[in-house]
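Each chain, written out:
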Amino acid sequence: MNKRLTFCFLTVLMLMGCTGKEAVSVVNLRCEQRVNPDGIDCTSPVLSWELSSALRDVRQVEYRILVASSLEKLKADEADLWDSKQVESDRSIQVAYAGTALSSRTACYWKVQAVTNKGVTGWSKPARWTMGLLAPSDWEAKWTGLDRSFPDDVLEGKTQLPARYFRKTFSLENRKIEKATLYISGLGFYEAYINAKRVGSQVMSPTPTDYSKVIKYNTFDVTRLLSKGDNAIGVTLGNGRFFSMRIPGVRHFGYPKMILQLEVDYADGGKTVVVSDDTWMATADGPIRSNNEFDGEAYDARKELTGWAAPGFNDAGWLQAEIVPSPGGRLEAQLNRNINVMETIRPVAVSEPVPGVFILDMGQNMVGWLRMKVKGEEGKQVKLRFAETLKEDGTLYLDNLRGALVTDTYTLKGKQTETWEPSFTYHGFRYVEITGFPSKPSVDNFEGQVVYDEVDLTGTFETSDPMINRIYKNAYWGIRGNYRGMPTDCPQRDERMGWLGDRAVGSHGESFIFDIRNLYVKWLNDIEQAQREDGSIPDVAPNYWSVYSDNMTWPGTYVIIANMLYEQYGDKAPIASHYDSMKRWMAYMCERYMVDGIMTKDRYGDWCMPPESPELVHSQDPSRKTDAAVLGTTFYFRILYLLERFALLLDKPDDAVDFARQAQAVREAYNAKYFNPESGQYSNNTVTANLLSLCYGMVPAGYEEAVFNNIIEKTAGEFDNHVSTGLVGVQWLMRGLSDYGRPDLALRIATNRDYPSWGYMIEHDATTIWELWNGNTADPSMNSGNHVMLLGDLIVWFYEYLAGIRNMPGNVGFKEIEMKPYPLDGLDYVTASFHSVHGLVKSAWKKENGVFHWDVTIPCNTSATVYLPCGKGITDEDKEAIEREGAQFVGTEDNYAVFKIPSGVYHLKAAL
Ligand code: RAM
């Protein structure tokens, strides 16, 4: 397999542990590209590292970074690209490279040494990044394809294209190859082969964009795939999001095409460059007979082109490839990770509800496809159809998939056992209907390929409550299954779009579980690229569906995610990069829709709140619905608050004053219109109206308790201690209840098993999170079994409240941590870990015989304020024991004893 080049544009983990010799060592070097406003490949990457030590209270005082153009030079401390010299600083994340200007293709080897208060570290192990193709003129390759249809193409409606195959043979000189690099983008999807070997293990690549604006290319080190003399390269192209799945219906870009440049450097100098152009040969007459993300793939093994990507293949019947127009977008190195098969699972059962129709149960609603082993006669056709649930008679329930055909077919070539999996489609499913299988299929014939972006796992979370653990597990499956180079709403029906509203606060929760930084940086760029001239931000990005409905709650995610990236990763570059576009959007909304300080425009309401009767998708009852202008205005206020923060960060004091002034005016107008001081109620007193007003700080001073009491009364009374909010209100529900003194009610809501609740979904067999609270009874027209939007702030609450891991208020990137767990009745233990940009944070607590035992890990070069639950107060004995551990007592607050602790591993305890 090829080793993918560690590009400057990719996060690189080069070291996974300390070397052990010195007391403190530098580990986990990462080179990250900052967001570039102009989208030109970055020439100033940022560098991050972590410190590792068994000692406590380790702080960095100085660092030194060396960057060299070769490993040998780096080893000899010959920093020909950059020597930062000794820098007095405790900063260990996102240090901007400031050396010699970097040019295309430069390999940069780097290492770090830190001076700490506990001594000087050794040099870290070397890490590397490589520069991409920075200038358009670096591309000698031409966009290549065949812009025309072939006999089996279906060009309208549910489109179908056979995959396009391209090949070229070339010869390399009889000299030692030093290095070979492949730059490639194949749209919508490509698979590349050199001498019949697959390049990389990625699937469904490159990442999807608005191809008229930006096109991402991938880079591979393919040195080991090449040899002196004759070589061949082959590329298969699938539709992806380029050749639309629905014409009309989903944005269409054109026939599949590619751009590819293979650069082979010889050890004794000189190079051979192979590029895509009209010297390539092409055919649409290969085994992939059709492919469409919604509808599936058809593969005819009888048409396999054995040896087509190796030299010596007879391509006499192939066509001459053509140079075709560029799709229009700039070529950019792909910064976010590719998609891959991240896990494989075995099916749990096969049934036969109708003779000859077999149903495979994966035991889990998953996203990806099946890998199948089959033996039978030539020409036999196996058909696989995918669904999330079954009907009562045990056959597939397809009604909620709308028009997606979700069907893969495989035609056997015969003789031996054949193994197959699709290349250019994916499904969201738990059950698979199998027909036409030559024998009785068994679970051993199949394997589920779980497919999503190669995001690193950063969090673990477990409690003593099995229901909470199940919800967490369902969320984990749903979140990762919906990463597809963008966060999608769902993976199964004919939609799969990047809906903004679904990911507002949810993305903050996701950031504990996965390293989603580059994925969301990319998505912010997608959003910006979809902004209209007039300033309007869409509800869906990339805008494969054109939905510019102008509201606050969906497009507002643009601002909320930039803030999330700043808080969770300590990176303010996305804010700097998108600030102007955000401002432009707000000005547009204000001009068009602001009436006397009230943002009148909304589109979705508190989307998917639990309706009054089980078959409804949306509530029809005005008393349950939150007023559009309440949603619009509270969100408008919140976005102003965030923009004020951004303005201060970017040193734009005038803007900050302006945003604050606007916010004040909006607050006054809002309270005058919607707040009833006598009852302490907003508008028609929905939980969402009161909750947003409270959590966003809009409630007039002194009325907070009254407003909160209305939230409690409504929840406890009319809703019998259940959730009453949809996608919007649920973003603040768990935190709002906890912050104002009712974390017990939040726990009750989180552990409910009856309608409406996450537990209700699980009681009804959900293994992911549903789109609707009443997903088992509602109309199938909008009823996915794998949406993450109703998670709201639940995952944030798990990590920040139950486990108690969060940034100190006002701090970012976990440089100063606040550890404040909630030892609620009903929970005996919580164990959580989170790998922050500074290193691993852990909180593991348990209650034992009335004593709270707490294991805490604080990474090097950070410190924490810990809130130790201590019931009626901390005893002198407990306090002294903790102080002996190196903690500094600060005082008591509510039922917590508060200490400051430096980095290290601690065991704390106190009587509850
Ligand atoms: C549905 C999507 C998405 C939601 C929009 C408004 O079609 O599935 O979840 O954001 O509607």
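These remarks concern the structure in this document. For clarity, every value in this text was computed on a predicted model and none was experimentally measured.

Overview of the overall build of the protein
- On a plain count of helices and strands, the protein comes out with 15 helices and 48 strands.
- Taking 2.2 N^0.38 as the reference for a compact globule, 912 residues should give roughly 29 Å; the C-alpha atoms of the protein span a radius of gyration of 28 Å, in line with that estimate.
- For the protein, the C-alpha atoms occupy an extent of roughly 85 × 70 × 60 Å along the three principal directions.
- The buried share of the protein, reckoned over its 912 residues, is 64%.
- Sequence-distant contacts, at least 24 apart, represent 74% of the contacts inside the protein between residues at least 6 apart.

Here we look at the sheet that holds strand β1 (residues 24–32)
- Reading across the sheet, the 3 strands line up as β1-β2-β6 and stay open at both edges, with antiparallel pairing between neighbours. Of all the strands in the sheet, the pair left with one neighbour each is β1 and β6 (95–96).
- Where strand β2 (residues 46–53) meets β6, 2 bridges bridge the pair, whose relative direction is antiparallel. In the strand pairing of β6, Leu 47 is matched with Val 95.

Re the side chain of Ser 757
- Here Ser 757 shows up in the loop between α12 (743–751) and α13 (758–763).
- Of the residues examined, Ser 757 reaches a relative accessible area of 1% and is grouped as buried.
- Engagement of the side chain of Ser 757 in a polar contact is seen with the backbone oxygen of Asp 754, the distance being 2.8 Å.
- What Ser 757 contacts, discounting residues up to four positions off in sequence, is Ile 749, Asn 752 and Trp 773.

Section: a negative patch on the surface
- A grouping of Asp 876, Glu 877, Glu 880 and Glu 883 is seen on the molecular surface, where their side chains present a negatively charged patch.
- Among the structural elements, Glu 880 can be located in helix α15 (residues 876–884).
- By relative accessible area, which is 43% here, Glu 880 ends up partly exposed.

Re the site of the ligand
- Asp 489, Arg 493, Glu 495, Trp 499, Asp 502, Trp 554, Tyr 604, Trp 607, Glu 771, His 787 and Met 789 make up every residue found near the ligand.
- Asp 489 has a polar side-chain atom sitting 2.6 Å from an oxygen atom of the ligand.
- Between the ligand and the protein, one listed contact pairs an oxygen atom with a side-chain N or O atom of Asp 502 at 2.6 Å.
- The residue inventory of the shell around the ligand, partitioned by class, reads 5 nonpolar, 1 polar and 5 charged.

Observations concerning the packing of helix α2 (residues 466–481) against helix α14 (residues 794–803)
- Where α2 contacts α14, the two axes come as close as 11 Å, and the packing angle between them is 130°. If you check the angle between α2 and α14, you find them oblique. The chirality of how α2 crosses α14 is left-handed. Here Ile 468, Ile 471, Tyr 472 and Ala 475 of α2 come into contact with α14, specifically with Leu 794, Ile 795, Phe 798, Tyr 799 and Leu 802.
- Here the residues of the contact of α2 with α14 are counted per class, giving 9 nonpolar, no polar and no charged.

Looking at the pattern of salt bridges
- Enumeration over the complete set of coordinates arrives at 55 salt bridges.
- Among the salt bridges present, the one from Glu 421 reaches Arg 371, with a minimum N-O distance of 2.4 Å. Here Arg 371 lies in strand β29 (residues 357–374) and Glu 421 lies in the loop between β34 (418–420) and β35 (427–435), a separation of 50 residues in the sequence.
- Judged by its relative accessible area of 23%, Glu 421 falls in the partly exposed class.
- Its relative accessible area of 34% is what places Arg 371 among the partly exposed residues.
- Salt-bridge contacts for Arg 493 lead to Glu 771; the nearest nitrogen and oxygen are separated by 2.8 Å. In this pair, Arg 493 sits in the loop between α2 and α3 (506–513) while Glu 771 sits in the loop between α13 and α14, placing the two residues 278 residues apart along the sequence. There is no split in this pair, since Arg 493 and Glu 771 are both buried.

Reading the values: the criteria
- Residues numbered from 1 in each chain as written.
- Predicted model: local features only at pLDDT ≥ 70, side-chain atom pairs only at ≥ 80, totals over all residues.
- Heavy atoms only, no water.
- Helix = DSSP H or I, 4+ residues; strand = E, 2+ residues; numbered from the N terminus.
- Rg over C-alpha atoms; globule rule 2.2 N^0.38 Å.
- Buried < 20%, exposed > 50% of the residue type's maximum accessible area, 1.4 Å probe, protein only.
- Contact = heavy atoms within 4.5 Å.
- Pairing = 2+ DSSP bridges.
- Polar contact = N/O pair within 3.5 Å; in protein donor to acceptor, adjacent residues only side chain to side chain.
- Patch = residues over 30% accessible without salt bridge, like charges linked within 9 Å, V, L, I, M, F, W, Y side chains within 5 Å.
- Areas by Shrake-Rupley, 256 points an atom, 1.4 Å probe, with all protein chains shown as cover.
- Salt bridge = Lys/Arg side-chain N within 4 Å of Asp/Glu carboxyl O.
- Lys, Arg positive; Asp, Glu negative; His and termini not counted.
- Charge placed at Lys NZ, Arg CZ, Asp CG, Glu CD.
- Near = heavy atom within 4 Å.
- Nonpolar A, V, L, I, M, F, W, Y, C, P; charged D, E, K, R; others polar.
- Axes fitted to C-alpha atoms, helices over the stretch in contact; angles between N-to-C directions.
- Parallel < 35°, antiparallel > 145°, perpendicular 65-115°, else oblique.
- Left-handed = near helix turned anticlockwise from the far one by under 90°.

The values are spatial; any link to function lies outside them.
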